[in-house]
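Residue-level structural notes
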Amino acid sequence: MHSLKHAFAYPVAMLLFIASASAADSSTIIIKKFMFNPMDVTVAAGTDVTWENQDGEPHTVVSLTNDFRSQALDEKDKFTHRFDKPGKYKYLCSIHPKMVGTITVVAK
Amino acid sequence: MADDFIPSRRRALQCMAFGGAGTLFTLSGGILTPVALAQDAPAKASGIPLFLQISDTHIGFNKDANPDVPGTLKQTIALVNAMKARPALTIHTGDITHLSKAAEFDTANQLLMDLKAGELHTVPGEHDVTDGMGTEYFGRFGKASDNRGYYSFDHQSVHFVGLVNVMNFKPNGLGGFGADQLAWLKADLAARSSSTPIVVFAHMPMWTILESWGWGTGDAEEALSYLRRFGSVTILNGHIHQIVQKVEGNITFHTARSTAYPQPQAGQGDGPGPLVVPAGQLQHMLGVTSIRLQKHHLALSDTTLA
């Protein structure tokens, strides 16, 4: 479903990677209106991915494979996880399981 | 006190406002009848109530929809404590806290200790177990269930079953019980005669109110298949912060109001988050929805939300 082609559908993440190759790479996902935005993100290995909740309702970021788990994020709270290993990481909000997302990590 | 719902009244419930302080249940002829508390009529139900249901206290919430959630819980408690006849049992149907924090549980516990409405029974809401294992919740409330969360007990010849449908969510899914809990429920109910009144309580609604908002329980049908042979089943849930009721055969489904803040009606707005209402409205909404026993059926007060 998510082929490597998808990596090129997210040029922002890739540009960030290219533009800041010497610094720690980072990527931000905004949680708003009960959605992870963007829902699917592709990053290079070693990237710090930060989720920021902009809803008045708390959300969580919970890996389906137990690789990462945030506390309940209240409005304006952030959660950061560094993705070191290439692979596909699916996650959901454990308060609102309709909210799902995927982080695809590609080799640097 | 031979009071029954009549179907039209039951349907009227669905149009009612959310708000209110708690829901009282009285047992009459084996049928449990919910009596919503209104602040102007705390003691109008006759007889000693069988139990009280409160829900969604969300201690820790502090946003615009209600900056003083401990305050409205205190008001709820004062309202119940002022009743002439108080029940010997209180059920909290979850979301005791907002963010599952230890300090929030401590505050909730401290406030609920003032409630003079008998033994407190709880089930967790998804807000109570955001730490995954539910460590904070089970550390305080796990004893009744050997840390499983689900359990049953008898009170005044009524069989009460507390269920957990807020853990181990599947992606895109609804609430769920899981195979272990369902097997336990089947065995627990198998030992009861069909004439035993049954009360089931769980946080998320046990029928699908709005799938896209997760307002339902994916494997509820299996649980209901064990319950259909009973003559009187009352299923009590919270989660949606408003009263919605449905009757299906001998099974009455009823969601309680929150003591913290309202949520939008199903499908209205971005999602099932806190609903901000105009200043002064919250209190008004908390206090004006009531159902009273009148002659042979329940009468609803005429105050509704728009």
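Residues numbered from 1 in each chain as written. Chains lettered and ligands numbered in written order. Predicted model: local features only at pLDDT ≥ 70, side-chain atom pairs only at ≥ 80, totals over all residues.

**Looking at the overall build of chain B**
What counts here: Each helix is a run of DSSP H or I of at least 4 residues and each strand a run of E of at least 2, with the numbering of both proceeding from the N terminus. Field definition: a residue is buried when 20 or more other C-beta atoms are found within 10 Å of its C-beta, exposed when 12 or fewer are, and partly exposed for counts in between, with C-beta atoms placed from the backbone. Two residues qualify as being in contact provided that their C-beta atoms, derived from the backbone, are within 7 Å of each other.
Scanning chain B from terminus to terminus reveals seven helices and 13 strands. Burial status across chain B gives 50% buried among its 306 residues. Considering only residue pairs separated by 6 or more positions, chain B has 73% of its internal contacts joining residues 24 or more positions apart.

**Observations concerning the overall build of chain A**
Along chain A, the regular secondary structure elements total one helix and eight strands. Seen in sequence order, chain A has helices and strands lined up from the N terminus as α-β-β-β-β-β-β-β-β. Classification of the 108 residues of chain A by burial places 38% in the buried group. Sequence-distant contacts, at least 24 apart, represent 50% of the contacts inside chain A between residues at least 6 apart.

**As for the interface of chain B and chain A**
Quick reminder of the rule: As a working rule, the residues Ala, Val, Leu, Ile, Met, Phe, Trp, Tyr, Cys and Pro are called nonpolar, Asp, Glu, Lys and Arg charged, and the rest polar, with Gly in that last group.
Between chain B and chain A, the contact holds 20 residues from the first and 21 residues from the second. For the side of chain B that touches chain A, a count of residues per class yields four nonpolar, 11 polar and five charged.

**Comments concerning the nonpolar core**
Basically, it comes down to this: We define the nonpolar core as any set of buried residues of the types Ala, Val, Leu, Ile, Met, Phe, Trp, Tyr and Cys, connected via C-beta atoms lying within 7 Å of each other.
The biggest cluster of nonpolar side chains holds 50 residues, and the ones touching the most others in it are L163(B), V164(B), V199(B), V200(B), F201(B) and A202(B). Setting aside its immediate chain neighbours within four residues, V200(B) contacts V161(B), L163(B), L227(B), V233(B) and I235(B). V43(A), Y89(A), L92(A) and I103(A) belong to the second-largest nonpolar core, a separate cluster that totals 25 residues.

**Things to note about helix α5 (residues 179-190) of chain B**
Rule in force here: To estimate how far a helix should reach, multiply one less than its number of residues by 1.5 Å.
Over its 12 residues, α5(B) extends 16 Å from the first C-alpha to the last, a length consistent with the 16 Å expected when each residue adds 1.5 Å. Looking at the buried residues of α5(B), the elements they touch are β7 (158-162) and α6 (220-227) of chain B.

**Looking at the sheet that holds β7(B)**
Residue and element names in this part refer to chain B. Stated formally: Two strands are counted as paired when DSSP detects at least two bridges linking them. For helices, the fitted axis covers only the stretch in contact; all axes are lines through C-alpha atoms, and the angles between them, taken along N-to-C directions, range from 0 to 180 degrees.
The strand order β6-β7-β8-β9-β11-β10 describes an open sheet built from six strands, whose pairing is mixed. The open sheet has two edge strands with one neighbour each: β6 (151-155) and β10 (245-248). On average, adjacent strands in this sheet sit at an angle of 15 degrees to one another, irrespective of strand direction.

**Description of the environment of G176(B)**
All names here are of chain B. Mapped onto the elements of the fold, G176 is located in the loop between β7 and α5. Measuring from C-alpha to C-alpha, the distance between G176 and G216 comes to 8.6 Å, with 40 residues separating the pair along the chain. Among all residues touching G176, those that are not within four sequence positions of it are N165, N168, F169, K170, T217, G218 and D219.

**As for the pairing of strand β4 (residues 89-92) of chain B**
All names here are of chain B. Both faces of β4 are covered, namely the face carrying L89 and I91 and the face carrying T90 and H92. When strand β3 (residues 51-54) meets β4, the two strands line up parallel, connected through three bridges. Considered in β4, the bridge of I54 is made with H92. Across four bridges, β4 lies against strand β5 (residues 119-122) in parallel orientation. Residue pairing in the sheet places H92 in a bridge with T122 of β5.

**Section: the confidence of the model for chain A**
Rule in force here: Confidence scores here are pLDDT values: one per residue, from the predictor, ranging 0 to 100.
For chain A, mean pLDDT is 86; residues scoring 70 or higher make up 78% of the total. In the predicted structure, residues 1-9 of chain A sits below a pLDDT of 50 and forms 11 contacts with residues beyond four places in sequence or in another chain.

**Examining the sheet that holds strand β8 (residues 100-106) of chain A**
Residues and elements named next belong to chain A. The strand order across the open sheet formed by four strands is β3-β8-β7-β5, and the pairing between neighbours is mixed. The open sheet is flanked by β3 (40-44) and β5 (62-63), the only strands paired with a single partner. Across five bridges, β3 lies against β8 in parallel orientation. Directly across from V41, in β8, lies its bridge partner I103.

**Overview of the environment of K85(A)**
Tracing the chain through its elements places K85(A) in the loop between β6 (78-83) and β7 (87-92). Residues within four places of K85(A) in sequence aside, it is in contact with A45(A) and V105(A).

**With respect to the packing of α5(B) against α6(B)**
Residues and elements named next belong to chain B. Inclusion rule: Small angles under 35 degrees read as roughly parallel and large ones over 145 as roughly antiparallel, with 65 to 115 read as roughly perpendicular and the rest as oblique.
Running from N to C, α5 and α6 point in directions that differ by 10 degrees, and their axes come no closer than 10 Å. Considering the angle they form, α5 stands roughly parallel to α6. In this structure, α5 uses L182, L185, K186 and L189 to contact α6, whose residues at the interface are E222, A223, Y226 and L227. Partitioning the contact of α5 with α6 into residue classes produces six nonpolar, no polar and two charged.

**Section: the confidence of the model for chain B**
Residue and element names in this part refer to chain B. Mean pLDDT over chain B works out to 80, with 76% of the residues at or above the 70 mark. A low-confidence stretch, residues 1-20 (pLDDT under 50), is modelled with 62 contacts involving residues beyond four sequence positions or located in other chains. Note that residues 287-306 has pLDDT below 50 and, in this model, 62 contacts with residues that lie over four places away or in other chains. Across the interfaces of the predicted complex, the ipTM metric reaches 0.80, alongside a pTM of 0.83.

**Focus on unusual backbone geometry**
Put simply, N37(A) and P38(A) share a cis peptide bond, and its omega is 0 degrees. Among the structural elements, P38(A) can be located in the loop between β2 (35-37) and β3. Even without glycine at this site, H58(B) takes up a positive phi of about 45 degrees. Looking at where H58(B) falls in the secondary structure, it is placed in the loop between β3 and α2 (69-81). Owing to 29 C-beta atoms within 10 Å, H58(B) belongs among the buried residues under this scheme. Even without being glycine, D95(B) reaches a positive phi, approximately 55 degrees. As for its position among the elements, D95(B) is in the loop between β4 and α3 (102-112). A tally of 27 C-beta atoms within 10 Å means that D95(B) is categorised as buried.

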